[in-house]
Amino acid sequence: MKLRSIELALPDPAGAAAWMVDVWGLYPAEVRGQTHYLRGTGTMPYLVAFEQSDAEFVRSTTFTCSDAELAAIKARVADKGWAAKPVTSTDPGEGAGLLVELPEGTLLRFLAGSTEVETIEGFSKASKRVSPVKLTHVVFNSADAELLGHAVEDVLDFRVSDRTKGMVFVRCNDSHHSTAFARAGFASLNHVAFEMDDLDAVMRGIGWMRDNGFAPAWGPGRHGPGDNVYAYYIAPFGPVIEYSTAVEKVPEDYRTGEPDDWTWPEQRIDQWGISDKDFAGLRVAEERFRCRRDWEPAPL
Ligand SMILES: [Fe+2]
């Protein structure tokens, strides 16, 4: 199972796409109709889709999986009676599978048979630009993160890696987390994290963002759970986005951490303690994009 992409709807998809290419470092993949698809340097056909809509919302977050994984999810979703429907993707990479609505409305899409693409080579330190490789996690705010952690373990066969005071971290492969549910009191998109080649690429990314007039809303820093390096930004079109790298790989029998395993010394909220966090700005941005189901459930 792999996290592949997020599909967002917003008023100005062309403007958002241009910023994500010119500043954030993605590459144009395709434009189909009014939907702009952007990719990284890795093998995924696209990482972000922007479709045109007067309203801002998350259409889906997409995972790719094998036929056997898809069949197992389908059976458990149907058994549980979650809102879902079969889908055939018309996005780059195609594939088919299902759309699922989690208990608080988070919309996930699982596709089998989706194709991958050649990597983009030519990364050069002579250039100031940086390029994300792929998505590494998409995090959701939630009213009941515990419930969602158990739900995705039971129905999607995901595994909770760690619980902290603020989050329930969830994996779907050997990466410490591909998603997480923040204990926010409401459901929305918390942030989208892009994997960078290495620590240097994250730091150079912060430099390139600075050249373009953007300062991190939080970071650089290194998290506790997952051990990843981060720099969070508020994109001009709304959501919180992150340069990230070095997410911990965990074994199948990883011991699930509890909040008492993840405490910080006073005045610390990450391992380095070198940056401030714009709590208020991040909170506003995190409330902006919510999942919206504009389809009727159908038998799987
Ligand atoms: Fe993150």
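Residues numbered from 1 in each chain as written. Predicted model: local features only at pLDDT ≥ 70, side-chain atom pairs only at ≥ 80, totals over all residues. Heavy atoms only, no water.

- An unreviewed UniProt entry lists the protein under the name VOC family protein, from Novosphingobium jiangmenense.

### Concerning the sheet that holds strand 10 (residues 159-163)
Strand pairs in the sheet, formed through backbone hydrogen bonds, run parallel or antiparallel to each other.
Turning to step 1, where the next piece is worked out: Spatially, 10-11-12-9-13-16-15-14 is the arrangement adopted by the eight strands of the open sheet, whose pairing is mixed. Whereas interior strands pair on both sides, the edge strands pair on one side only; in this sheet they are strand 10 and strand 14 (218-222). Across the sheet, the axes of successive neighbouring strands diverge by a mean angle of 20 degrees, strand direction being ignored.
Turning to step 2, where the next piece is worked out: The sheet contact formed by strand 15 (residues 229-234) and strand 16 (residues 240-245) spans six bridges and is antiparallel. When the sheet's bridge partners are listed, Y233 is paired in strand 16 with I241.
Turning to step 3, where the next piece is worked out: Strands strand 13 (188-195), strand 15 and strand 16 of the sheet are contacted by helix 1 (residues 13-24), whose axis makes an angle of about 35 degrees with strand 16.
Turning to step 4, where the next piece is worked out: Where helix 3 (residues 145-156) meets the sheet, its contacts fall on strand 9 (134-142), strand 10, strand 11 (167-171) and strand 12 (179-183), and the angle it forms with strand 12 comes to roughly 155 degrees. (Pairing = 2+ DSSP bridges. Helix = DSSP H or I, 4+ residues; strand = E, 2+ residues; numbered from the N terminus. Axes fitted to C-alpha atoms, helices over the stretch in contact; angles between N-to-C directions. Contact = heavy atoms within 4.5 Å.)

### Details of the coordination of the iron ion
Turning to step 1, where the next piece is worked out: Here the iron ion is held by H137 (NE2), H191 (NE2), Y232 (OH) and E242 (OE), and the distances to it run 2.0 to 2.7 Å.
Turning to step 2, where the next piece is worked out: If you look at the iron ion, its four donor atoms make angles of 88 to 165 degrees with each other, and the shape they trace is irregular.
Turning to step 3, where the next piece is worked out: All donors of the iron ion belong to a single chain; written as a sequence motif, their spacing is H-x53-H-x40-Y-x9-E. Placement of H137 in strand 9 and of E242 in strand 16 is noted, with a sequence separation of 105 residues between them. (Donors = N, O, S within 2.8 Å, 3.2 Å for Na, K, Ca; no water. Tetrahedral: all angles 85-135°; square planar, octahedral: opposite > 155°, others 65-115°.)

### Brief notes about the pattern of salt bridges
Turning to step 1, where the next piece is worked out: By the definition in use, this model includes 19 salt bridges.
Turning to step 2, where the next piece is worked out: Across the pair D294 and R59 runs a salt bridge whose closest N-O atoms are separated by 3.0 Å. Placement of D294 in the segment after strand 17 (290-291) and of R59 in strand 5 (residues 57-65) is noted, with a sequence separation of 235 residues between them.
Turning to step 3, where the next piece is worked out: Among the salt bridges present, the one from R222 reaches D227, with a minimum N-O distance of 3.9 Å.
Turning to step 4, where the next piece is worked out: Its relative accessible area of 18% is what places R222 among the buried residues.
Turning to step 5, where the next piece is worked out: The class for D227 is partly exposed, based on a relative accessible area of 30%.
Turning to step 6, where the next piece is worked out: Linked by salt bridges that have partners in common, E146, R163, R183 and E258 make up one network. (Salt bridge = Lys/Arg side-chain N within 4 Å of Asp/Glu carboxyl O. Buried < 20%, exposed > 50% of the residue type's maximum accessible area, 1.4 Å probe, protein only.)

### Quick notes on the pairing of strand 1 (residues 2-10)
Turning to step 1, where the next piece is worked out: The element strand 1 is largely enclosed, with a buried count of eight among its nine residues.
Turning to step 2, where the next piece is worked out: When strand 1 meets strand 5, the two strands line up antiparallel, connected through seven bridges. When the sheet's bridge partners are listed, L3 is paired in strand 5 with F63.
Turning to step 3, where the next piece is worked out: For strand 1 and strand 4 (residues 48-52), the ladder comprises five bridges, and the chain directions are parallel. Each bridged residue has a counterpart across the sheet, and for E7 the counterpart in strand 4 is A49.

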